[in-house]
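Single-letter residue listing:
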Amino acid sequence: MLHVEQLSLGPIGTNCYVVRSDLAADEAAVVDPSGDATELRLTLARLGTRCTGILVTHGHWDHLVGVADLADGTGAPVHMPEGERMLLERPGELAPMGSGYPAHAPEVTLTGGETIDVAGISFEVLSVPGHSPAHLAYHADGCLFSGDVLFAGSVGRTDLPGADWDTLMASIRMLVETLPADTIVYPGHGPVTTLGDELARNPFLIELRAEHTA
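Residues numbered from 1 in each chain as written. Predicted model: local features only at pLDDT ≥ 70, side-chain atom pairs only at ≥ 80, totals over all residues. Heavy atoms only, no water.

## Comments concerning the pairing of strand β5 (residues 78-81)
Quick note on the threshold: DSSP bridges decide pairing: two strands pair if at least two such bridges lie between them. Strands here mean DSSP runs of E at least two residues long; helices mean DSSP runs of H or I at least four residues long; both are numbered from the N terminus.
By the bridge criterion, two bridges tie strand β4 (residues 50-55) to β5 in an arrangement that is parallel. From the neighbouring strand, Leu55 faces β5, where its bridge partner is His79. Sheet topology places β5 next to strand β6 (residues 108-110); three bridges connect them, and they run parallel. Within the sheet, the bridge partner assigned to Met80 lies in β6 and is Thr109.

## Thoughts on the sheet that holds β4
As a reminder of what qualifies: Convention adopted: a line fitted to C-alpha atoms gives each axis, helices being fitted over their contacting stretch, and angles between N-to-C directions are expressed from 0 to 180 degrees. We call two residues contacting when some pair of their heavy atoms lies within 4.5 Å.
Pairing in this open sheet of six strands is mixed, and the strands run β1-β2-β3-β4-β5-β6 from one edge to the other. Sheet topology places β1 (3-9) and β6 at the edges, where each strand pairs with a single neighbour. Here the average twist between neighbouring strands, direction ignored, is 25°. Packing against the sheet, helix α2 (residues 67-74) makes contact with β3 (27-31), β4 and β5, and its axis sits at approximately 140° to β4.

## Quick word on the packing of helix α5 (residues 165-178) against helix α7 (residues 206-213)
Operational definition: Comment on the angle field: the value is read as roughly parallel under 35 degrees, roughly antiparallel over 145, roughly perpendicular from 65 to 115, and oblique elsewhere. The hand of a helix crossing depends on one turn: near helix anticlockwise from the far one by less than a right angle means left-handed, and clockwise means right-handed. Three classes are used: nonpolar for Ala, Val, Leu, Ile, Met, Phe, Trp, Tyr, Cys and Pro, charged for Asp, Glu, Lys and Arg, and polar for all others, with Gly counted as polar.
It is at 10 Å that the axes of α5 and α7 come closest, and there the two elements cross at 40°. Considering their axes alone, α5 and α7 lie oblique with respect to each other. Crossing of α5 against α7: the hand is right-handed. Residues Met169, Ile172, Arg173, Val176 and Glu177 of α5 touch α7, and the partners they reach there are Leu208, Glu211 and His212. Within the contact of α5 with α7, the residues separate by chemical class into four nonpolar, one polar and three charged.

## Here we look at the pattern of salt bridges
We count it as follows: The rule for a salt bridge is simple: a side-chain nitrogen of Lys or Arg has to be within 4 Å of a carboxyl oxygen of Asp or Glu. Each residue is placed in one exposure class: buried if its accessible area under a 1.4 Å probe, protein chains only, is under 20% of its type's maximum, exposed if it is over 50%, and partly exposed if it falls in between.
Overall, the coordinates contain seven salt bridges when judged by the stated rule. Between Glu211 and Arg173 there is a salt bridge, with the nearest N and O atoms lying 2.8 Å from each other. In this pair, Glu211 sits in helix α7 while Arg173 sits in helix α5, placing the two residues 38 residues apart along the sequence. A relative accessible area of 24% means that Arg173 is categorised as partly exposed. It is possible to trace a salt-bridge network through shared partners that takes in Glu82, Arg85 and Glu89.

## Some thoughts on α5
How we decide: The span one expects for a helix is its residue count, reduced by one, times 1.5 Å. The arc refers to the directions leading from the helix axis to the C-beta atoms.
Between its first and last C-alpha, α5 extends 20 Å over 14 residues, near the 20 Å set by a 1.5 Å rise per residue. Residues Leu168, Met169, Ser171, Ile172, Leu175 and Val176 constitute the buried set of α5. Along the long axis of α5, the arc covered by the buried residues comes to 160°, so they all point the same way. In α5, the exposed positions angled more than 90 degrees off the buried face are occupied by Asp166, Glu177 and Thr178.

Structure below.
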C-alpha cells in the first residue's frame, strides 16, 4: 500500500499529496502542489524524501499555485493534462486576478490511458472530464487521486467554463464501474473517502446508485 501524506495548502485549502511507495522511500510524487513550495520542500525534508515527479490533475489555479516553484527547486518533471497546459504556461492571461502563480511549461503532457512511473510507483492515468475539460485522475495500488471530480459527500462544480454535469457523471460512472469499491479516494478538497462509500451515500450520485441497485 502506498504511503500518502495529505496537506491542505493555499488560500482555499486545496489538498496536496506526498505519495511514496512505502514509508522509507527516498523518492516521492507530489500531486497538485497547491501552496507555498518552500513549505512543501520543508515537509519533504522532514519526511526524509525528495520530489522526483509532480502530478497535476487539472488546470484550475488553486491546484497550480506551487507547481512552478516546486519544479524549479527540485528539478522534478511536471505531468499534467495536455488540454489544460496553457493554464500553467500562461497564467497571467488565463488565471483569475490575484491568483498569482508563476508560469511553467510541463515536461510531460497526458490525455488519459497512459501508465507513468514516478518515484517508483506505477500510476494509471484516467481521463475524467466534467469539472474541467481535460481533467485527469491518477490511480495506483488501490489509491485514486481524483482532483475535483469526486469528494466525500459531494462532486466537482459544473458551473465553471468548460464544465458539464452529464460529462462529470459519466466520468464518475466509469470510475465506479472499473475500480474496486474499496479504492481509497484522495480528493482535491476535504477528507479521504472510498468509491464504495460515495456510491452508497453521496447525495449527488442518486442516479448512479439507482443504476447499481436496479
